[in-house]
Amino acid sequence: MSEIYVKSQTHIDHYKLNPLDSIYVATALEDTLDQLTILGKILPSNLEGHSTAPGIAANEISAIVDTQRDLESQFENLMLERHATSSEIIPRKSHVNSRATGEISRVQSNIKLNQAAFSKAAFQSPLSEDSMEKTQTDRKYIETILQATLKEILNSDTFNTLIDAVENEDLSKLELEEAIIGEEVGRKRIRVLQKQLHESNKVKETELQHRNEMIAHLKDQLQEMKAKSSMESKYVKKDSDVRVQQNQKRCQSEIRDLLKNNEITINGIAQETRVHEDLTTFLETQVRDLKTKSDEWVEKLDDDIQTKQRELDNLKADKADDLAKLQEMTRLYAEYEVVAMVDRAEKEKVRLRKERERMELESSHKIQAWWRGIMVIKGLGEFG
């Protein structure tokens, strides 16, 4: 066949066969259905006691064991491959690692399913009536699916019924795997809980024994406490009697002391009263003297204020006279300052004139000296 199937133009997820391939597949399906029908007619209800029964059971167990060995070998190879990939200096791409992880998970699931099948084969004989009945049920189911697929191929050249049945079986397989995994987790949880329960029972027994010992110890302590409390009550009674007697004696002594203190206090009050009267008389005398002095000080203050006021008025008058004198002297100073400035200017002019004359005289003397020197050097005039 050049191409077994092609995608449908209307349904992308459905497949469609070529007309020639449809005929080939329909013929093969019809032959398979005929064989399944014949198998259903000739298959007995059970094979127990049959001459080939031991070979069938042995073959089934051998097939399960071989499958288990293949799966374990695949698992070991995948683990070695992942270990080699993780130990490389340059790591591979992430999709390679994810693919290896997916393959490992798939192989683990297949190992668990094969173990479940082995356990079922060990506890249930494949030759029993139940096994044969299951075989007949599986045969009828396959026959029904193939008949529906054949009808679909003859009508529309598609085999979506077969694809849906395979997907449903895959889902059932996944559900079975999840159930098996859940059962294993439950069993492990049960074992853990049983272990915890056993340990808890041991702890409870130990605690119970410890509490019994504690109860016995507390009973002994209770008896000791009763004896001790009886002795303490007698001691407390005697002690309380002694304390009462001591308190009575102390109270009598305190009463005597209080009476003495009361008498001393009465005497002290009389003395304080006399002292208070004397102090009051003294203070009244002092108050009268202070009032007299206060009146004198007030009169003296008034006199001092009048005297100081007159002095202040005299000072203000003197200040006014001094201010007039100051203003007059200031005016005179200004006039004198102008005259002095004019005089200083005249003196400065005279000084400058005298200084200029002196400088001119010195310059003429220097010129004459210079000229005499020239005449001497050159032998002019009277120096020739």
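All values reported here derive from a predicted model rather than from experimental measurement.

Enquirer: How do you make sense of the overall build of the chain when you look at a structure like this?
Expert: When helices and strands are tallied, the chain shows five helices and two strands. Each helix and strand of the chain, placed in order from N terminus to C terminus, yields the pattern β-β-α-α-α-α-α. Expressed as a percentage of contacts within the chain between residues at least 6 apart in sequence, the contacts between residues at least 24 apart total 67%.

Enquirer: Looking at this structure, how should I read a negative patch on the surface?
Expert: Together, Asp-295, Glu-296, Glu-299, Asp-302, Asp-303 and Asp-304 give the surface a local cluster of negative charge. Take Asp-303: it is sitting in helix H5 (residues 160-378). The class for Asp-303 is partly exposed, based on a relative accessible area of 46%.

Enquirer: Any chance you could explain the packing of aromatic side chains here in plain terms?
Expert: For any pair of aromatic rings, the description rests on two quantities: the centre-to-centre distance and the angle between the ring planes. Following the criterion strictly, the structure yields one aromatic pair and no others. Considering the side-chain rings of Trp-370 and Trp-371, the 6.3 Å spacing of their centres and the 50 degrees angle between planes classify their relative orientation as tilted. A residue is classified by how much of its surface remains accessible, and Trp-370, at 55% relative accessible area, is exposed. Given a relative accessible area of 41%, Trp-371 falls into the partly exposed group.

Enquirer: Please clarify how H5 should be interpreted in this entry.
Expert: Within an α-helix, residues lying three or four positions from one another point in the same direction, as the helix has 3.6 residues per turn. Compared with an ideal rise of 1.5 Å per residue, which puts 219 residues at 327 Å, H5 spans 154 Å between its outermost C-alpha atoms and falls more than 12% short. Every buried residue of H5 is listed here: Asn-160, Ala-165, Glu-177, Ile-180 and Met-375.

Enquirer: Hey, could you run me through the side chain of Arg-139 in this one?
Expert: Note on placement: Arg-139 falls in helix H4 (residues 129-156). A polar atom in the side chain of Arg-139 sits 2.7 Å from the side chain of Glu-143. Discounting chain neighbours no more than four positions away, the residues touching Arg-139 are Leu-36, Thr-37, Leu-39 and Gly-40.

Enquirer: How should I be thinking about the nonpolar core in this particular structure?
Expert: Across soluble globular proteins, nonpolar side chains have a tendency to be buried as a group. Judged by nonpolar contacts, Leu-17, Ala-26, Leu-29, Leu-33, Leu-36, Leu-146, Leu-150, Ile-153 and Phe-159 together constitute the single largest core of nine residues. Every element with two or more residues in this core is listed here: helix H1 (19-42) and H4.

Enquirer: Would you explain H1 in this entry?
Expert: The end-to-end C-alpha separation of H1 is 35 Å, in line with the 34 Å expected for 24 residues at 1.5 Å each. Along H1, the residues that are buried comprise Asp-21, Ser-22, Ala-26, Leu-29, Leu-33, Leu-36 and Gly-40.

Enquirer: So what exactly am I meant to see when it comes to the pattern of salt bridges here?
Expert: Opposite charge on two side chains allows them to pair when their charged atoms are near. Scanning the entire structure with this criterion turns up 12 salt bridges. Salt-bridge contacts for Arg-139 lead to Glu-143; the nearest nitrogen and oxygen are separated by 2.7 Å. With Arg-139 and Glu-143 both in helix H4 and four residues apart, the pair spans about one turn of that helix. Arg-344 is paired through a salt bridge with Glu-337; the nearest N and O atoms lie 3.5 Å apart. Overlapping salt bridges, with partners in common, bring together Glu-328, Arg-331 and Glu-335 in one network.

Enquirer: Please explain the confidence of the model for the chain as it appears in this structure.
Expert: Detailed reading of predicted coordinates is not advised where the pLDDT is low. Looking at the chain, pLDDT values average 79 and 80% of them are 70 or higher. Within the chain, no element has a lower average pLDDT than strand S1 (residues 5-7), which sits at 38, and none a higher one than H5, at 88. Residue range residues 1-14 is modelled with pLDDT below 50. Its contacts to residues more than four positions away, or to other chains, number 19 contacts. The model gives residues 89-93 a pLDDT under 50, and that stretch makes three contacts with residues more than four places away or in other chains.

Enquirer: Explain unusual backbone geometry here, please?
Expert: Glycine aside, residues mostly have negative phi, and peptide bonds are mostly found in the trans state. For Asp-157, which is not a glycine, the phi torsion comes out positive at approximately 60 degrees. Asp-157 gets classed as partly exposed once you look at its relative accessible area, which sits at 21%.

Rules behind the numbers
- Residues numbered from 1 in each chain as written.
- Predicted model: local features only at pLDDT ≥ 70, side-chain atom pairs only at ≥ 80, totals over all residues.
- Heavy atoms only, no water.
- Helix = DSSP H or I, 4+ residues; strand = E, 2+ residues; numbered from the N terminus.
- Contact = heavy atoms within 4.5 Å.
- Patch = residues over 30% accessible without salt bridge, like charges linked within 9 Å, V, L, I, M, F, W, Y side chains within 5 Å.
- Areas by Shrake-Rupley, 256 points an atom, 1.4 Å probe, with all protein chains shown as cover.
- Salt bridge = Lys/Arg side-chain N within 4 Å of Asp/Glu carboxyl O.
- Lys, Arg positive; Asp, Glu negative; His and termini not counted.
- Charge placed at Lys NZ, Arg CZ, Asp CG, Glu CD.
- Buried < 20%, exposed > 50% of the residue type's maximum accessible area, 1.4 Å probe, protein only.
- Phe/Tyr/Trp six-rings, centres within 6.5 Å; stacked < 30°, edge-to-face > 60°.
- Expected span 1.5 Å × (residues − 1).
- Polar contact = N/O pair within 3.5 Å; in protein donor to acceptor, adjacent residues only side chain to side chain.
- Core = buried A, V, L, I, M, F, W, Y, C linked by side-chain atoms within 4.5 Å.
- pLDDT = per-residue confidence, 0-100.

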